[in-house]
Amino acid sequence: MKFTNDSVPGVSGYFPYNDPEIGTPLEKTESMPLLFTPITIRNVTFKNRIFAAPMCQYSSDNGHATDWHLVHIGSMASRGVGAICMEATSVVPEGRISPEDAGLWTDSQMEPLKRIVNFAHAQGTRIGVQLAHAGRKASTYAPWVRERAGVRNTTVSIEENGWPNEVVGPSPIPWSEDLIEPKELNKDQLTEIEEAFIASIKRCQEIGFDFIEIHGAHGYLLSSFVSPLSNIRSDEFGGQLLENRLRWPLQLIKRCRDAWSKPLFVRISATDWAEGPEQENGVWKQFGIEQSKVYASEMYKLGIDLVHVSSGGNWSNQKIIVVPYAESIKQANPQQLVGVVGVITDPKLAEAYLQEGKADIIFLARALMRNPHWPLEAAEQLGIRVKAANQYERAFDRL
């Protein structure tokens, strides 16, 4: 009998083949945790329900991924997550949050991403990307630059590689008193942004991503369009009418759905976290859960496969309170898929959310930064044994 260290088929380069895949149960049990149960979304099967949420790294070279991204993504791909969504990746240069943000506006940015996708696939891990436009929160400092300089979240100047004269939004309302006033987008410019998203999606197809997430949260462009705090336009794309404020984001989302045949997610902020009620005397005061439920329902009608629910980021003086917004979206759309992020880092709580039908996918961000082995340790806490990478098995023999 011949014993060989076989390579993963269908990928570029040599990688030892893991059978079963990393992060999958070594044996079936009657009480298999949902967290480690596969899920098929549209035409893609994910090996478990633990997804790495997009995490900005502020480490790209003119929008190009670097070896930092390979190591960052690779550390999670080889530790058992079911999928990884790469960080906010701008469809145009002026749509970046910081000068060092990721981009996919030119063909030269595809090659380093292909290398990362190839590595993730070699570990049996699905990988996608979050396509984004920062809107009125563009051209700002990387967090550690701001903190070391001792400045507030101000707009980066041209001399600091910023683009203060190209910051745009739905209305000329700055995110805070420290950021520049954005220029109001006209209809031609909105169409140009739509075309940029479609061009980036075509590049995603060539790169080989398994899914795409559209960034509609945290006060960036789509998020700022849906809120009455940041959108006071007088045309069909803004103002008090919720239908108007949702019109352009839904128009963009539909075009993205039509251009992409694989799973398509949208991340939303379910509330602005501003002071006061969502609505008062028939007037919308801020974006909140009642409008979010309508927004999510409209997206599902367009064929969006999953709504990834977050909150906040559109108002600089937000007051955050932990509220189960994902559960509310799920209750309003029980037959649709919902992802939850931000408040769940304990494996037993994550499993309870799935078992109780409050969400379908658990997204983790900082928890995975702190501990990339979270999936393997979660399995132990939930009483099952899952596959560790061949190279790491001896460190997890207790599993």
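Thresholds, definitions, all that
Residues numbered from 1 in each chain as written. Predicted model: local features only at pLDDT ≥ 70, side-chain atom pairs only at ≥ 80, totals over all residues. Heavy atoms only, no water. Phe/Tyr/Trp six-rings, centres within 6.5 Å; stacked < 30°, edge-to-face > 60°. Buried < 20%, exposed > 50% of the residue type's maximum accessible area, 1.4 Å probe, protein only. Lys NZ or Arg CZ within 6 Å of the ring centre and 35° of its normal. UniProt positions renumbered as here; feature names shortened; annotations may be inferred. Helix = DSSP H or I, 4+ residues; strand = E, 2+ residues; numbered from the N terminus. Axes fitted to C-alpha atoms, helices over the stretch in contact; angles between N-to-C directions. Parallel < 35°, antiparallel > 145°, perpendicular 65-115°, else oblique. Left-handed = near helix turned anticlockwise from the far one by under 90°. Contact = heavy atoms within 4.5 Å. Nonpolar A, V, L, I, M, F, W, Y, C, P; charged D, E, K, R; others polar.

1. As for the packing of aromatic side chains
1) Next: Considering all chains together, one arrives at 10 aromatic pairs under this definition.
2) Next: With a centroid separation of 5.0 Å and an interplanar angle of 40°, the aromatic rings of phenylalanine 46 and phenylalanine 51 are classed as tilted.
3) Next: Relative accessible area serves as the criterion here: at 0%, phenylalanine 46 is assigned to the buried category.
4) Next: An aromatic cluster of at least three residues, connected via ring pairs, comprises Phe46, Phe51, Phe211, Phe265 and Phe363.
5) Next: Here the basic side chain of lysine 137 rests over the ring of tyrosine 220, its NZ or CZ set 4.8 Å away from the ring centre.
6) Next: Over the ring of tyrosine 353 we find lysine 358; its NZ or CZ atom is 5.2 Å from the centre of that ring.

2. Quick word on the UniProt feature "domain: NADH:flavin oxidoreductase/NADH oxidase N-terminal" (unreviewed entry) in the chain
1) Next: Here the UniProt-annotated "domain: NADH:flavin oxidoreductase/NADH oxidase N-terminal" (unreviewed entry) positions come out as residues 35–382.
2) Next: Secondary structure content for residues 35–382 is 34% helix and 17% strand, and the end C-alpha separation is 9 Å.

3. Some details on the packing of helix 4 (residues 187–207) against helix 6 (residues 242–259)
1) Next: Packing of helix 4 against helix 6 leaves a shortest axis separation of 10 Å and a crossing angle of 25°. The orientation of helix 4 with respect to helix 6, classified from their angle, is roughly parallel. Considering only the axes of helix 4 and helix 6, their crossing is right-handed. From helix 4, Leu190, Ile193, Glu194, Glu195, Phe197, Ile198, Ile201 and Gln205 reach across to helix 6, where they touch Trp248, Gln251, Leu252, Arg255, Cys256 and Ala259.
2) Next: Taken together, the residues of the contact of helix 4 with helix 6 break down into nine nonpolar, two polar and three charged.

4. A closer look at the packing of helix 2 (residues 110–122) against helix 4
1) Next: Where helix 2 meets helix 4, the closest approach of the two axes is 9 Å, and the angle between their N-to-C directions is 45°. Here helix 2 lies oblique to helix 4, going by the angle between them. Helix-helix and strand crossings are classified by hand; for helix 2 and helix 4 the assignment is right-handed. Touching Met110, Leu113, Lys114 and Val117 of helix 2 are Arg203, Glu206 and Ile207, all from helix 4.
2) Next: A class-by-class count of the residues in the contact of helix 2 with helix 4 yields four nonpolar, no polar and three charged.

5. Considerations on unusual backbone geometry
1) Next: The amide bond that connects aspartate 19 to the next residue, proline 20, takes the cis arrangement and shows omega of 0°.
2) Next: Take proline 20: it is sitting in the segment before strand 1 (39–41).
3) Next: A positive phi angle, near 60°, is found at serine 139, a position not held by glycine.
4) Next: Serine 139 sits in the buried class, given a relative accessible area of 0%.
5) Next: The backbone of tryptophan 273 sits at a positive phi, close to 60°, despite the residue not being glycine.

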